[in-house]
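What the coordinates show
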Amino acid sequence: QVQLVECGGGLVQAGGSLRLSCAASGRTFSNYAMGWFRQAPGKEREFVAAISWSGGNTYYADSVKGRFTISRDNAKNTVYLQLNSLKPEDTAVYYCAAAERVVAVEGLYDYWGQGTQVTVSS
């Protein structure tokens, strides 16, 4: 089992920044690829970004490319999502998740955090 706990969400004005963190415990963190997903009210959960176990490969949804950055610190068992140039449409609950390989497919992630709310005001 891997337990994931996100933090860092909040209310920010459009154009602002936030840094989300996801702390992992349980099985060896560095064995897993990590992903961030988000779910806006009334919408399905969608892929945001993913990072390989080593951190050497990253992937982003087109909607966040150039604005968000995923990174990880295996020594701290933590994955991060830096959110810059935020837009109102980025408002959602953000979830981190762990998978055996780096993918953008929600169904292939085995472990999920409880989510953290990001609200962007216009």
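This text follows the structure it describes.
Right, let's walk through the structure included here. (Residues numbered from 1 in each chain as written. Predicted model: local features only at pLDDT ≥ 70, side-chain atom pairs only at ≥ 80, totals over all residues. Heavy atoms only, no water.)

Some thoughts on the overall build of the protein chain
- Secondary structure summary: the protein chain contains 0 helices and 11 strands in total.
- Put simply, the protein chain runs from its N terminus to its C terminus through helices and strands in the order β-β-β-β-β-β-β-β-β-β-β.
- In terms of its C-alpha atoms, the protein chain occupies a principal-axis envelope of roughly 40 × 25 × 25 Å.
- Going through the 122 residues of the protein chain one by one, you find that 44% of them count as buried.
- A fraction of 57% describes how many contacts in the protein chain between residues 6 or more apart in sequence connect residues 24 or more apart.
- Here the protein chain displays about 6100 Å² of accessible surface, and carbon together with sulfur accounts for 46% of that area.
- With 11 positive and 10 negative side-chain charges, the protein chain shows a spacing of 5 Å between the two charge centroids. (Helix = DSSP H or I, 4+ residues; strand = E, 2+ residues; numbered from the N terminus. Buried < 20%, exposed > 50% of the residue type's maximum accessible area, 1.4 Å probe, protein only. Contact = heavy atoms within 4.5 Å. Areas by Shrake-Rupley, 256 points an atom, 1.4 Å probe, with all protein chains shown as cover. Lys, Arg positive; Asp, Glu negative; His and termini not counted. Charge placed at Lys NZ, Arg CZ, Asp CG, Glu CD.)

Quick look at the nonpolar core
- Of all hydrophobic cores here, the largest spans 37 residues; its most connected members are L4, M34, W36, L81 and Y94.
- Take this core: its biggest share by element is 6 residues, from strand β9 (residues 92–99).
- Non-local contacts of L4, meaning those with residues more than four positions away in its chain, are made with C22, A23, A24, M34, C96, A97, A98, Y111, W112, G113 and Q114. (Core = buried A, V, L, I, M, F, W, Y, C linked by side-chain atoms within 4.5 Å.)

Re the side chain of R72
- As for its placement among the helices and strands, R72 is situated in strand β7 (residues 68–73).
- At 8.3 Å, D73 is the nearest oppositely charged side chain to R72, a buried residue that forms no salt bridge.
- For R72, the side chain forms a polar contact with the main-chain oxygen of F29, separated by 3.1 Å.
- Engagement of the side chain of R72 in a polar contact is seen with the backbone oxygen of S52, the distance being 2.9 Å.
- R72 has contacts with F29, S30, Y32, A33, M34, I51, S52, W53, G55, T78, V79 and Y80, leaving out every residue within four places of it along the chain. (Salt bridge = Lys/Arg side-chain N within 4 Å of Asp/Glu carboxyl O. Polar contact = N/O pair within 3.5 Å; in protein donor to acceptor, adjacent residues only side chain to side chain.)

So, the layout of surface pockets
- When its volume is computed, the largest pocket comes out at roughly 150 Å³.
- In terms of lining residues, the largest pocket is bounded by R38, A40, K43, E44, E46, S63, R67, K87, E89, D90, T91 and A92.
- Its residues assigned to classes, the lining of the largest pocket shows 2 nonpolar, 2 polar and 8 charged. (1 Å grid on protein atoms, 1.4 Å probe; cavity = no way out; pocket = protein on both sides within 12 Å on 5 of 7 lines; lining within 4 Å. Points joined across faces, edges and corners; volume = space filled by probe spheres on them. Nonpolar A, V, L, I, M, F, W, Y, C, P; charged D, E, K, R; others polar.)

Digging into the pattern of salt bridges
- The tally for this structure, following the rule as stated, stands at 5 salt bridges.
- Overlapping salt bridges, with partners in common, bring together R38, E46, R67 and D90 in one network.

Considering the sheet that holds β7
- In space, the 4 strands of this open sheet follow the order β1-β3-β8-β7, with antiparallel pairing throughout. At either margin of the open sheet sits one strand with a lone partner, and together these are β1 (2–7) and β7. Between one strand axis and the next, the sheet turns by 15° as a mean value, whatever way the strands run.
- Summarising the sheet, β7 and strand β8 (residues 78–83) pair through 6 bridges and their orientation is antiparallel. If you follow D73 over to β8, its bridge partner there is T78. (Pairing = 2+ DSSP bridges. Axes fitted to C-alpha atoms, helices over the stretch in contact; angles between N-to-C directions.)

Everything listed here is a matter of geometry and, on its own, says nothing about what the molecule does.
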